[in-house]
Amino acid sequence: MESQRNNHTAWRICCTLAVVILCLAFSPLFIPAGQHAPLLLGLPYALWTGIALCVLMVVITYVATLVHPGNTSR
């Protein structure tokens, strides 16, 4: 019973993080108008922050599949 409660809480945290990250991804914080610096490995700012956000979303999605309340594989 406690495991189900922990999974439900972790699931909600994953969902909340995903929504927050998606909102931030389209904000001026990650897509500044006309700014291409700083460069990272020759990639402009908007590109490497987009790649970092994508990797972060993949990690959150993986964790969410493990803690989904309907997961019966355990």
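Residues numbered from 1 in each chain as written. Predicted model: local features only at pLDDT ≥ 70, side-chain atom pairs only at ≥ 80, totals over all residues. Heavy atoms only, no water.

## Things to note about the overall build of the protein
Along its length, the protein carries two helices and zero strands. In the protein, buried positions account for 20% of the 74 residues. In the protein, 51% of the contacts between residues at least 6 apart in sequence involve partners at least 24 apart. Accessible area for the protein stands at about 5600 Å²; split by element, carbon and sulfur atoms hold 74% of it. (Helix = DSSP H or I, 4+ residues; strand = E, 2+ residues; numbered from the N terminus. Buried < 20%, exposed > 50% of the residue type's maximum accessible area, 1.4 Å probe, protein only. Contact = heavy atoms within 4.5 Å. Areas by Shrake-Rupley, 256 points an atom, 1.4 Å probe, with all protein chains shown as cover.)

## Concerning the nonpolar core
Core analysis: the largest hydrophobic core is formed by ten residues, namely C14, A18, I21, A25, F30, L53, M57, I60, A64 and V67. Put simply, the parts of the chain that give this core at least two residues each are α1 (2-25) and α2 (45-67). What I21 contacts, discounting residues up to four positions off in sequence, is L53, L56, M57 and I60. (Core = buried A, V, L, I, M, F, W, Y, C linked by side-chain atoms within 4.5 Å.)

## Some thoughts on a nonpolar patch on the surface
A contiguous nonpolar surface patch, about 930 Å² in accessible area, is contributed by L40, L41, L43, L47, I51, V55, V59, Y62, V63 and L66. You can see V55 is positioned in helix α2. (Patch = residues over 30% accessible without salt bridge, like charges linked within 9 Å, V, L, I, M, F, W, Y side chains within 5 Å. Salt bridge = Lys/Arg side-chain N within 4 Å of Asp/Glu carboxyl O.)

## As for the state of the cysteines
Under the counting rule described, the total for this entry stands at zero disulfides. Between C14, a free cysteine, and C15, which holds the nearest cysteine sulfur, the sulfur-to-sulfur gap is 6.9 Å. (Disulfide = S-S within 2.5 Å.)

## Quick look at the layout of surface pockets
What the largest pocket holds in volume is close to 160 Å³. Taken together, I21, L22, A25, F26, F30, I31, A46, T49, G50, L53, C54 and M57 form the lining of the largest pocket. Elements supplying a minimum of two residues to the lining of the largest pocket: α1 and α2. Class assignment for the residues of the lining of the largest pocket results in ten nonpolar, two polar and no charged. (1 Å grid on protein atoms, 1.4 Å probe; cavity = no way out; pocket = protein on both sides within 12 Å on 5 of 7 lines; lining within 4 Å. Points joined across faces, edges and corners; volume = space filled by probe spheres on them. Nonpolar A, V, L, I, M, F, W, Y, C, P; charged D, E, K, R; others polar.)

## Observations regarding the side chain of S27
Mapped onto the elements, S27 comes out in the loop between α1 and α2. Side-chain polar atoms of S27 contact the backbone oxygen of L24, separated by 2.7 Å. (Polar contact = N/O pair within 3.5 Å; in protein donor to acceptor, adjacent residues only side chain to side chain.)

## Section: the environment of C14
Counting through the fold element by element, C14 comes out in helix α1. For the pair C14 and V63, spaced 49 residues apart in sequence, the C-alpha to C-alpha distance is 7.5 Å. When near neighbours in sequence (up to four residues on either side) are disregarded, C14 contacts I60, V63, A64 and V67.

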